[in-house]
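So the chains spell out like this:
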Amino acid sequence: MNVRRIVTVVEEIRTEGGRAVERPARIAVVAAVIENPWAGQGFVEDLNPGIEEHASDLGALLAPAVLDALEAPAEAYGKAAIVGLDGEVEHGSALIHTLKFGDHFRKAANATTLLPAVEKRGPAGVVFDIPLKHITDATIRSHHQSFEVRISDAPHPNEIVIALAAAAQGRPQQRLAPLSTEQ
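Residues numbered from 1 in each chain as written. Predicted model: local features only at pLDDT ≥ 70, side-chain atom pairs only at ≥ 80, totals over all residues. Heavy atoms only, no water.

Draft legend 1. Representation of the nonpolar core. One finds V66, F101, F105 and I162 to be the most contacted residues of the largest nonpolar core, which totals 34 residues. For this core, the elements supplying multiple residues, two or more each, are β2 (19-35), α1 (48-70), β3 (76-83), α2 (89-96), α3 (99-109) and β7 (159-167). Not counting residues up to four positions away in its chain, the partners in contact with V66 are A28, V29, V30, F105, L164, A165 and A166. Core analysis: the next-biggest nonpolar cluster, separate from the first, contains 21 residues, V29, V33, A80 and I130 among them. (Core = buried A, V, L, I, M, F, W, Y, C linked by side-chain atoms within 4.5 Å. Buried < 20%, exposed > 50% of the residue type's maximum accessible area, 1.4 Å probe, protein only. Helix = DSSP H or I, 4+ residues; strand = E, 2+ residues; numbered from the N terminus. Contact = heavy atoms within 4.5 Å.)

Draft legend 2. Expanded view of the pattern of salt bridges. In this structure the tally under the stated criterion is nine salt bridges. With its nearest N and O atoms 2.6 Å apart, the salt bridge here joins E159 to R4. One end of the pair, E159, is in strand β7; the other, R4, is in strand β1 (residues 3-16), and 155 residues separate them in sequence. Where K100 meets E52, a salt bridge forms, and the shortest distance between an N and an O atom there is 3.4 Å. One end of the pair, K100, is in helix α3; the other, E52, is in helix α1, and 48 residues separate them in sequence. One continuous salt-bridge network, built from bridges that share partners, spans R4, R5, D153 and E159. (Salt bridge = Lys/Arg side-chain N within 4 Å of Asp/Glu carboxyl O.)

Draft legend 3. The arrangement of the environment of R171 in detail. With respect to the helices and strands, the residue R171 is situated in the segment after β7. When its relative accessible area of 25% is taken as the criterion, R171 is described as partly exposed. Along the chain, R171 and Q145 lie 26 residues apart, while their C-alpha atoms are 6.6 Å from each other. A distance of 2.5 Å separates the side chain of R171 from the backbone oxygen of R141, its partner in a polar contact. (Polar contact = N/O pair within 3.5 Å; in protein donor to acceptor, adjacent residues only side chain to side chain.)

Draft legend 4. Expanded view of α3. Looking at α3, one finds that the buried residues are F101, G102, F105, R106 and A109. Taken down its axis, α3 places every buried residue within 120° of arc, on the same side. When the buried face of α3 is taken as reference, the exposed residues oriented beyond 90 degrees from it are L99 and K107. A positive phi of about 55° marks N110, the residue just after α3. (Arc of directions from axis to C-beta.)

Draft legend 5. Summary view of the side chain of H143. Summarising the element assignment, H143 is placed in the loop between β5 (127-134) and β6 (145-150). Polar contacts involving the side chain of H143 include one to the side chain of S142, which spans 2.7 Å. Residues contacting H143, with those up to four places away along its chain left out, are E75, A76, L132, K133, H134, Q169, G170 and R171.

Below you can see the structure in the form of structure tokens.
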């Protein structure tokens, strides 16, 4: 796996809606900018060899890094695969939609839900939103949120940005009633 860059972003929200946030709301993202393992090969029928070679290593690299950057236990999480213009969305999906990748994050965060994801193809500097949901109960609405990311020089046409995001809480100042109140 050829990693060109690792980018870490941490945001801490201290005021929302004109009021102080009781506990500052933290979100962390760690992204690896990697060479697309299928770059220059044309249409690749069987993506499994590349998945076997790279997916677990990416999960093992990013999962502890994003939790370290968060500096708190994760309550919500998500993932992203942004493919450069010479690749296919399926290349990014192949790397992140496998237990070989996602289980590293689930185990590290003591999580049980599926990781919500965004996948897209775009040029360097493309903006993407990583969706986040609660780590053990995807119906907890306070933790449904997204985090906007942009890496100015990635992905190059032959690269993929693979990212994990974690939040230490739900949305700041959330006030929606639990989903169970509507049933």
